[in-house]
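The primary structure of each chain is shown beneath.
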Amino acid sequence: MRLTLMRQDDSSPGGLERRRLRHVAGTTKSRRGAATVMALLFVMLFGAVVASMAVSSTGNVKSAATQLRAVGAMAAAETGLAVARDRLAEAAGRFVLAEAEIDGARGAALWNGDSAAVGQHRVTYPAPSGFTEAGSPAGIAAALVNHHNADRNIMSGHGMPANASITARPAGISATDLDGAGWVQTPAVLVEAPGAGSSAKAAFRVTYAPLASGDKVRVMVEGLALNKAGKPIFSRTISQDFELKRRVEHVVVSPSRVLLGKNARLEGDAAIGFDQVSVKHGSPLVSTSDFMGLDPALDNALNDFNNALIAADVDHDGRLRALHPVEGPAIPSGLTDYDGDGQPDAAFADATGDGFVDGFDMFINFYDQDGDGRIKLAADLSAGTPAENDGGSPEFTAASGTLDYDLAMMLDGAFPDRNRNGVSGYNDLDADGQYDPRYDEPADYDSRNSSYADVVLGWRDGYLDVMDRAAKIAGTVMFKTTDTAWTDQARDFGEFMGGNVVPRKGERPVLFGASQDRLPLVDEASFDATEAALQTAADGDPFWQQVADQLGISFADIAAWDYDSNSADPAAPFFGPLLPDRDLDGLPDNHGRAHFEPSPYTDTNLFNDWYYRPVFRNMVFRDVVIPQGLNALFENCQFIGVTHIRVEEANSHVLWSGYGKLAMDLSSGLPRPVGRYELFGDTADENSASGPPVLPDSALPPNQMIRLRWDYEAGGPNALDKGDVPGPFVSLVDNYNDLPDALVINGKRYNDTRELSNNIRFHDSLFVGSVITDAPARYEPVRNKLQFTGATRFSEVHPQSPGDPAMNPDAADGALIASTSLMAPHFSVDLGSVNAPAAQDIRLRGAVVAGVIDIRGKARVDGAVLATYDPQPGFGPLRDHRGDAFGNPALFNVSLGYFGDEHADLEGLDVASLPVLNGRRVAGWELNGEKFAADDNPGNGATPIYFNGYGRVEIVHDPDFTPPPGIWLPVSAEPVAGSYSEGQQ
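Residues numbered from 1 in each chain as written. Predicted model: local features only at pLDDT ≥ 70, side-chain atom pairs only at ≥ 80, totals over all residues. Heavy atoms only, no water.

With that settled, the discussion passes to the overall build of the protein. Broken down by element type, the protein carries 14 helices and 52 strands. Within the protein, the proportion of its 985 residues that are buried is 51%. Here the analysis covers contacts within the protein between residues at least 6 apart in sequence; of these, 66% occur between residues at least 24 apart. Put simply, the protein shows about 43200 Å² of open surface, and 53% of that area lies on carbon and sulfur atoms. (Helix = DSSP H or I, 4+ residues; strand = E, 2+ residues; numbered from the N terminus. Buried < 20%, exposed > 50% of the residue type's maximum accessible area, 1.4 Å probe, protein only. Contact = heavy atoms within 4.5 Å. Areas by Shrake-Rupley, 256 points an atom, 1.4 Å probe, with all protein chains shown as cover.)

Turning our attention to the side chain of His147. Secondary-structure assignment places His147 in helix H4 (residues 140–148). Beyond its immediate chain neighbours, meaning those up to four positions away, His147 contacts Arg87, Glu90, Ser129 and Phe131.

The subject of this paragraph is the packing of aromatic side chains. What the rule picks out here adds up to 40 aromatic pairs. Note on Phe543 and Phe621: the rings are 5.3 Å apart at their centroids and 5 degrees apart in plane angle, and the pair reads as stacked. Linking Phe543 in helix H13 (residues 543–551) with Phe621 in strand E27 (residues 620–622), this pair joins segments that are 78 residues apart in sequence. Taking the relative accessible area as the measure of exposure, Phe621 reaches 0% and is therefore buried. These aromatic residues form a ring-pair network of at least three members: Phe543, Trp544, Phe575, Phe616, Phe621, Phe634, Phe639, Phe762, Phe767, Phe788 and Phe794. The residue whose ring lies beneath Arg319 is Phe356, and the NZ or CZ to ring-centre distance is 3.6 Å. (Phe/Tyr/Trp six-rings, centres within 6.5 Å; stacked < 30°, edge-to-face > 60°. Lys NZ or Arg CZ within 6 Å of the ring centre and 35° of its normal.)

What follows is about the pairing of strand E11 (residues 264–267). By the bridge criterion, 4 bridges tie E11 to strand E50 (residues 952–957) in an arrangement that is parallel. The residue bridging Arg265 from the neighbouring strand is Glu954, located in E50. Of the strand pairs in this sheet, E11 and strand E20 (residues 473–474) are connected by 2 bridges, and their pairing is parallel. Bridging from a neighbouring strand, Leu266 pairs with Ile473 of E20. (Pairing = 2+ DSSP bridges.)

Turning our eyes to something else, we now look at a nonpolar patch on the surface. Taken together, the side chains of Val456, Leu457, Val466 and Met467 present a nonpolar region at the surface, about 300 Å² in accessible area. Using a relative accessible area of 34% as the deciding quantity, one classes Leu457 as partly exposed. (Patch = residues over 30% accessible without salt bridge, like charges linked within 9 Å, V, L, I, M, F, W, Y side chains within 5 Å. Salt bridge = Lys/Arg side-chain N within 4 Å of Asp/Glu carboxyl O.)

Among the 9 residues that make up helix H7 (residues 359–367), 7 are buried, leaving the element largely enclosed by the rest of the structure. For H7, the set of buried residues is Gly359, Phe360, Asp361, Met362, Phe363, Ile364 and Tyr367. Next to the buried residues of H7 lie helix H5 (296–312), strand E15 (356–357), strand E16 (375–376), helix H9 (405–413) and strand E19 (463–464). The N-terminus of H7 is capped by Asp358, whose side-chain oxygen sits 3.1 Å from the backbone nitrogen of Phe360. (Polar contact = N/O pair within 3.5 Å; in protein donor to acceptor, adjacent residues only side chain to side chain.)

Let us look at the nonpolar core. Of all hydrophobic cores here, the largest spans 65 residues; its most connected members are Phe634 and Leu786. For this core, the leading source of residues is strand E43 (residues 842–855), giving 6 residues. When sequence neighbours within four positions are dropped, the list of residues in contact with Leu786 reads Ile645, Ile760, Phe762, Val771, Thr773, Leu822, Ala824, Phe827, Ser828, Val829 and Asp830. Core analysis: the next-biggest nonpolar cluster, separate from the first, contains 34 residues, Ala347, Tyr367, Ile375 and Met410 among them. (Core = buried A, V, L, I, M, F, W, Y, C linked by side-chain atoms within 4.5 Å.)

In this section: the confidence of the model for the protein. Should pLDDT be low for a region, the predicted coordinates there are not to be read in detail. Here the protein averages 81 in pLDDT, and 79% of its residues register 70 or above. Every residue in residues 1–30 is under pLDDT 50, and counting partners more than four places away or in other chains gives 14 contacts. Across residues 675–720, confidence stays below pLDDT 50; counting only partners more than four residues off in sequence or on other chains, it has 101 contacts. (pLDDT = per-residue confidence, 0-100.)

Attention shifts here to the environment of Gly282. Along the polypeptide, Gly282 turns up in the loop between strand E12 (270–272) and strand E13 (285–287). A residue is classified by how much of its surface remains accessible, and Gly282, at 0% relative accessible area, is buried. Measuring from C-alpha to C-alpha, the distance between Gly282 and Arg257 comes to 7.9 Å, with 25 residues separating the pair along the chain.

Before going further, it helps to examine the packing of H5 against H7. For the pair H5 and H7, the least separation of the axes is 11 Å and the interaxial angle reads 150 degrees. Looking at the two axes, H5 sits roughly antiparallel to H7. The handedness of the crossing between H5 and H7 is right-handed. Packed against H5, whose contacting residues are Ala297, Leu298, Ala301, Leu302 and Phe305, the element H7 presents Gly359, Met362, Phe363, Phe366 and Tyr367 at the interface. In the contact of H5 with H7, the residues fall into 9 nonpolar, 1 polar and no charged. (Axes fitted to C-alpha atoms, helices over the stretch in contact; angles between N-to-C directions. Parallel < 35°, antiparallel > 145°, perpendicular 65-115°, else oblique. Left-handed = near helix turned anticlockwise from the far one by under 90°. Nonpolar A, V, L, I, M, F, W, Y, C, P; charged D, E, K, R; others polar.)

Let us look at the pairing of strand E6 (residues 202–210). In terms of burial, E6 is largely enclosed, as 9 of its 9 residues are buried. Here E6 shows a buried face lined by Ala202, Phe204, Val206, Tyr208 and Pro210 and a second buried face lined by Ala203, Arg205, Thr207 and Ala209. Where strand E4 (residues 183–185) meets E6, 2 bridges bridge the pair, whose relative direction is antiparallel. What sits directly across from Val184, in E6, is Tyr208. In this structure, E6 lies alongside strand E7 (residues 216–226), joined through 9 bridges in antiparallel fashion. The residue bridging Thr207 from the neighbouring strand is Met220, located in E7. Hairpin geometry of E6 and E7 is characterised by an intervening segment of 5 residues between the two adjacent antiparallel strands and by a positive phi of about 90 degrees at Gly214.

Summarising the element assignment, Thr820 is placed in the loop between helix H14 (814–819) and strand E42 (822–831). A polar atom in the side chain of Thr820 sits 3.1 Å from the backbone oxygen of Leu822. If sequence neighbours within four positions are ignored, Thr820 has contacts with Leu534, Ser770, Arg845, Gly846, Ala847 and Pro964.

Here is the structure:
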């Protein structure tokens, strides 16, 4: 807009000035108008922006509030799922089954409480969580209802149910995979109780819906966000499926002590029920270092470190945390010169960089010569691995100390599935039980980068370093005893933790005072008649018929067979009979030829009885039942399918292990029933071969029993009577009538329980299948014992004849065989030996069951080891002839790996003191088939038995194996992989 002054003649003298003024005036007014307009425009613009920001802010606030509600609802749902998962696991675990498998029908019966359809089961009571119930629940669904109805922080109103109940499938839900009945609907639970003047903000409610398959349950959780009035205004739903299983949760379950020796490791949780810590050697667990004995300098450093553990290991994991306020300062300084080179060794540095210092770090620090944080193995151990051609020098060699091949192989080959893709292993072409990278190929091949994925991550790469994740126990150790009870006996836990414990993320390394639901210990009541499923699988020809067939004779001709009847061909089937004692001289009638040996059969003189044995050699048995009382030696035999060993199950007589005991007669060099008196447990005379010695009255201690174990005149005036006391001595025994009666079974009196038991040794034999036994009522290790010595092997498929049906188990028995390689409840079992031969390869699967078990040499169990014997004074072998408590319960234990005499293992070897011959240590001498101690060379053409190494024992938990029938185990609820989902189901 332009403003103009009054018009005048511009040509007049003042016109120019007026024109100038008009121009100035017009220009000036025009600029002022533009500024006003611009100001107005900016006001309008700013107003619009403010308005937009206000609208946007309001929207963001609302969106933020919505997001907070969504997050709160989702968090409540996740909390509810965690609660539901735990409660489902607890409810399922209250039901204990002896049946082998939870199929659809049994799963549905368990859920709904149909006892008749479940089969043999029992319900644990009361509930582990301790809530009050009106009665024992009939099924898992009822147990869940009881648990949820014990909740107190219930959300009321708003259409939510006030109590948990079992209903039909809600209306409007149509799903073919969900059952129409048995749904458990629960009330909503507030995530947190509202405080004074405030209200709860979130809640969750759970629905358990059984799937139509019967063996699975879908857990659906609705998370609710609440307003100030407590009304749900936002929800999120998540779900996950769970499968009902009967499984073993631990890698070792034992009511007795557990000894974890050198070169032995556990991969999984261990449950130890031994709590008699007041007795001598009463520590429930003894775990030795794998790195002791390699070099004296390293031993000294390890001893110093162990002292630090005793003083400062607050979480009992056998490690010290560098940044922990208590453990860190206790780590030795590392300034000590252990190897004598004049320089500090830095022995206690964290070589693996994981924040912990343990024996593996010290091992690496000691042998790592080039400072690269790892140890290169000896040439023959690294051949074919990435370490072979790296240009570096081997560091763990014979020249560097005692080369422990088995330790190196165990550490480098542990945790084979390094990338956790579910695939691992190798083709063991030479069946030697170890990976040879020069000839075999790992199964886990990564085609994307043309590499063996697990090897790239350190598995059998020829190095020992951080990628090997060395752990003595990879899991949690659960003790029935309390920490206080243990340490009150002046037995600090750290004194027995020579190896480290590395638990899973979020778990504790050690749990003291574990409840029974965390320690599912098995005992003689854990076995039921359902074990007949395994026993009936041993349906081959009778034992003696199979023997006769291989000898090429008839069954009737076996009675006339003699040692001289055998073929001269050393590879031919061989039978060395054991004749009865018809002349009543206490010896088998063919004692001049019969094989005899001590039991247990070890390299030392530690044994508790002698056995004459029939010998079977080079034979193949299929689905065979070994008769009661055979007590045989099987050499180089093969057992295909299921091998069932029979014994008398009613073995509770107080003198069960005493009846029939033999002692060595020094005059004849033969074991025989020598007259033997026991005074206060000591042998007074065991050398008389002609009969019981006559003791003067002065030798008879007052008020003490004198027991003669054997009588030479069977049926005569000295016939054994109560308490195994001969007639002439009855008057000398106080309280004679209080002694136990004679052993009578089915109307027959027995003076020798060998006839009723089975003490068997398998040597250099192959088992393609499973070994099972009857379940005797009591653990009597002298009579019921199995020993697997030499190059014993177990396999599911015949290593030499994998495609031959005659040399492999029946296909119908495959599931049973996969469930257990060895089930020998209440038996004493020795797997391997202290000095295992190089060819030994014991590989077991599934549940390995024994009363007490020793596993030595080279052995691996993929499954779980279950011990059944709970050593209690006054029961089984822990009682004297009167039935009174006797002996030390701590002397019965599950022993895994190598223990030397420095650990008070009388069956062990003091390797450092063994004599050296031809550059190798000699563990013993063999002469005429018998072994002698290695104190000196006995001469006479004896063959040296060389020390073959400490061996390695690995017990690895397999969560997927189905336990065999006959073991009472709790039901578990396992998440189904890939079943987690968000949204309404």
